[in-house]
Structure formats: C-alpha cells, structure tokens
Amino acid sequence: MQPRTPVTRVLVIGAGAMGSQIALTAALAGYPTTVQDVSECQLDDAAAQLRDRTDKMVASGKLAAEQAGQAHALLDFSTDLDAVAPAADFVIEAATERLDIKEAIFARLGRLAPPHAILATNSSTIGSSAVAGASGRPGQVCNLHFFNPVLVMECVEVVRHAGTSQETVDTALAFARSLGKAPVLINREVPGFVANRLMGAVQKEALALLAGGVASMEDIDATAKTALRHPMGPFELMDLVGLDVVDYIAQATHAATGDPADAPDASVAALVRAGKLGRKSGAGWYSY
Ligand code: 3HC
C-alpha cells in the first residue's frame, strides 16, 4: 500500500549526536528540516558539528560542495517548539531518554503538529506505546530507531505498537527509504527491538569472556573483526555508543524483563561511575 501522506517538512526534536545527524540526513535527502532543542548552546554545537561533518565529506569527495550547501540551506535550528511544530509533516523525537520528558513532548506535539503529521520517537528503550496516548493520535505514532553514526548506518528500525496504523507504518518505511536508509519493520515492542538485542548478546558474551580471563579485550575485539568481519569489536563498539548509553539500555531492558540475565554489567557501571563514557569523554574501555 502506498502511503497517502507526502512528507514535505521534517522536524527533529533534540540536537544531540543522534538528532543532529538525523536532521542532516533528512536535509541531504532534500527535506526542509528543523532541529528543535531547548538549549541554544546545544543547537549552536550541532550546527557547527554538522558543518564540520559535511566539510569532511566534501574534502573526501563523498559529497559535492553544492549538495552540502543545499543541505545546509534546508536546515534550520530553533528553540521554539510552538513556532516550528505546526509546519511539520514528520516529527522525529530524539530528546533525552526519559519517559516524563518524552510524554510532555508528545502531548505538545499532539496539540501543535498538523492533524496528518506522524510523530515518531528515535528511542531505543522507550516503545512508542508509552507516549502514544499523550499525543492524542496513537495511530500516527511509532518508533523510528536510527543507529550511530546515523549518516553511515543504513538500518532504521520502524517499530509499531499495537495501535500504530498501517498507513503510519507504510509512510515511516517509505520516508526512511527516501533518506537512503534500509528500514526494517519490527512488529511488536520488545525491549531492545532487534539490533540492540543482537548487539547486547555479543556484548554480554564479550564481557563474560573478559571477566573469565579467557582473552584480553584487545584480542576479543580483534577476533570479532578478523574472524567475524564485524567492523568493530564489542568493546570498541561500546565506546562508540557510549558506556552510559550501554548501561542505560541494560537497566531499561532489565526493568522490562526482570530477567537476571539482563542485569546491567558491573564493569560497565564502574566505568560510567568513573566518568569513563567512551569516545565522547576521551576514555572508556580504551583511551582516545
Ligand atoms: N559520524 C558520521 N560519519 C562518520 C562518523 C561519525 N561519527 N565516524 C565515521 N564516519 C564515517 C567516515 O566519515 C567515513 O565516511 P566515508 O567512507 O564516506 O569517508 C566512514 O564513516 C568510515 O569511517 P572511518 O574510515 O573513519 O572508519 P571505519 O571504516 O572504521 O568506520 C564506522 C567507522 C562507520 C563507525 C564503523 O566502524 C562501523 O560501522 N562500526 C559499527 C557501528 C555500529 O555498530 N553502530 C551501531 C551502534 S548501536 C546504536 O547506535 C543503537 C543505539 O540505540 C545504541
């Protein structure tokens, strides 16, 4: 079935690493795109990082300077949700991973966005059913889960909740494809969806092998890369994702399943307590 709703303007809420790259991805695909964040400073940082990113893409010949210019011309930044939401056809919320914050955003979007607009969350831990009611339009709500680094990773998980309409699913899949992504449909909300469950299983095994003294972290990472052709080893990947995020996903999964096997890993939690969050803080499993 072809989606009936053409997407003409995209709104991304949250100017962190994920939100800002989602917005640039949309702008590169030709969508006028607004990035909204409560922090002016965060928006300034995001704008500068996106400029840097496209400069690198142009320098390496991956992007024509003209295309970069066109994408930046399609991007704008705002702190004022009331002003920007009424123009959006497709909203992707990538704000802080807290249910109270997301509920408040979806309630505002329900009042502010045009009646036909789809409201998606990029959350990896909060299924859209948790915010659908607040929006007042549950059929038009789903997860649209991107992967880090968004500009590079092809996968987008489109996760429907029990009340997501087929039209919303079709529009979300078509929209993700129009961004040059390879979306997959997740038919029901399970903690971690599919990708983070697969990633978590490898991480759990890697942590157990390290704790058991079976091999060093470097050799476990090397094995994943040279024996399995993973682009990164599990410890390198934890550092890329952020150890705080890895710990948070484990906490959320454990809270949802109650399964002791899903309990957060003590060595990851200890690194987080020590301020070692991975690449973004300069150290995690490795030093950067
Ligand atoms: N942002 C944007 N682009 C980036 C980037 C970043 N942070 N880091 C690297 N890239 C780009 C580079 O510019 C380069 O682009 P080019 O080929 O067009 O020039 C390309 O990625 C390759 O980069 P490098 O040559 O520097 O390095 P690698 O070849 O080692 O690739 C990688 C880096 C793409 C990160 C690769 O190692 C990889 O795919 N790793 C696995 C990442 C992964 O599994 N992500 C999923 C995490 S789970 C998640 O996000 C879910 C969430 O809920 C936790």
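Since this is a predicted model, take the numbers as computed values, not measurements.

About the criteria used
- Residues numbered from 1 in each chain as written.
- Predicted model: local features only at pLDDT ≥ 70, side-chain atom pairs only at ≥ 80, totals over all residues.
- Heavy atoms only, no water.
- Axes fitted to C-alpha atoms, helices over the stretch in contact; angles between N-to-C directions.
- Helix = DSSP H or I, 4+ residues; strand = E, 2+ residues; numbered from the N terminus.
- Parallel < 35°, antiparallel > 145°, perpendicular 65-115°, else oblique.
- Contact = heavy atoms within 4.5 Å.
- Nonpolar A, V, L, I, M, F, W, Y, C, P; charged D, E, K, R; others polar.
- Pairing = 2+ DSSP bridges.
- Core = buried A, V, L, I, M, F, W, Y, C linked by side-chain atoms within 4.5 Å.
- Buried < 20%, exposed > 50% of the residue type's maximum accessible area, 1.4 Å probe, protein only.
- Near = heavy atom within 4 Å.
- Polar contact = N/O pair within 3.5 Å; in protein donor to acceptor, adjacent residues only side chain to side chain.
- Areas by Shrake-Rupley, 256 points an atom, 1.4 Å probe, with all protein chains shown as cover.
- Domains from an automatic or database assignment.
- Buried area = accessible area lost by both parts, 1.4 Å probe.
- Salt bridge = Lys/Arg side-chain N within 4 Å of Asp/Glu carboxyl O.

Before going further, it helps to examine the packing of helix α9 (residues 217-227) against helix α10 (residues 234-241). Two elements in contact, α9 and α10, have axes whose closest approach is 7 Å; the angle formed by their N-to-C orientations is 95°. Taken together, the axes of α9 and α10 are roughly perpendicular relative to one another. Counting all contacts with α9, which are made through M217, I220, D221, A224 and K225, the residues of α10 involved are P234, F235 and E236. Of the residues belonging to the contact of α9 with α10, the class tally is 5 nonpolar, no polar and 3 charged.

If you trace the 8 strands from one edge of the open sheet to the other, you get β3-β2-β1-β4-β5-β6-β7-β8, paired in mixed fashion. Of all the strands in the sheet, just β3 (75-78) and β8 (182-186) have a single pairing partner and so form its edges. This sheet shows a mean twist of 25° between the axes of neighbouring strands, independent of strand direction. Pairing geometry for strand β1 (residues 10-13) and strand β4 (residues 90-93), over 4 bridges, is parallel. Bridge pairing links V12 to I92 in β4. Docked against the sheet, helix α3 (residues 65-74) engages β2 (33-36) and β3, running at close to 35° with respect to β3.

So, about the nonpolar core. V10, F90, I92, L144, F146 and F175 are the most contacted members of the largest nonpolar core, which totals 32 residues. Among the elements of the structure, β1, α1 (17-28), α2 (40-59), β4, β5 (118-121), β6 (141-145), β7 (155-159) and α7 (166-178) are those that each provide at least two residues to this core. For F90, the contacting residues outside a window of four places in its chain are V7, R9, V10, L11, I118, A120, L144, T171, A172 and F175. V91, L109, A113 and V141 belong to the second largest nonpolar core, which has 17 residues in total.

The next point concerns the side chain of T25. Secondary-structure assignment places T25 in helix α1. Accessibility expressed as a relative area gives 6% for T25, which makes it buried. Each residue touching T25, except ones within four places of it in the same chain, is listed here: V150, L151, L179 and K181.

The environment of the ligand is formed by 18 residues, the closest being Q21, K62, H145, N148 and N196. Side-chain polar atom of S124 to an oxygen atom of the ligand: 3.5 Å apart, as the coordinates give it. A distance of 3.1 Å separates an oxygen atom of the ligand from a polar atom in the side chain of N196. In isolation the ligand has 1000 Å² of accessible area, and contact with the protein removes 63% of it. When contributions to the shell around the ligand are tallied by element, the ones reaching two or more residues are α8 (195-211) and α10. For the shell around the ligand, the element with the most residues is α10, which contributes 3 residues. Looking at the shell around the ligand residue by residue, the class counts come to 11 nonpolar, 5 polar and 2 charged. Two domains each donate at least three residues to the shell around the ligand, and these are domain 1 (10-186) and domain 2 (195-279).

Further remarks concern the domain arrangement of the protein chain. In terms of domain boundaries, the protein chain breaks down into domain 1 (10-186) and domain 2 (195-279). Summarising the inter-unit geometry, the C-alpha centres of domain 1 and domain 2 are found 27 Å apart. At the interface, 8 residues of domain 1 touch 7 residues of domain 2. When domain 1 packs against domain 2, close to 570 Å² is buried across both sides, 57% of that on carbon and sulfur atoms. Of all residues in domain 1, the largest losses of buried area upon contact with domain 2 belong to E97, T125 and N148, amounting jointly to 56% of the total for that side. Along the contact surface separating domain 1 from domain 2 lie 0 salt bridges. One can count 2 residue pairs in polar contact (both at pLDDT 80 or more) joining domain 1 with domain 2.

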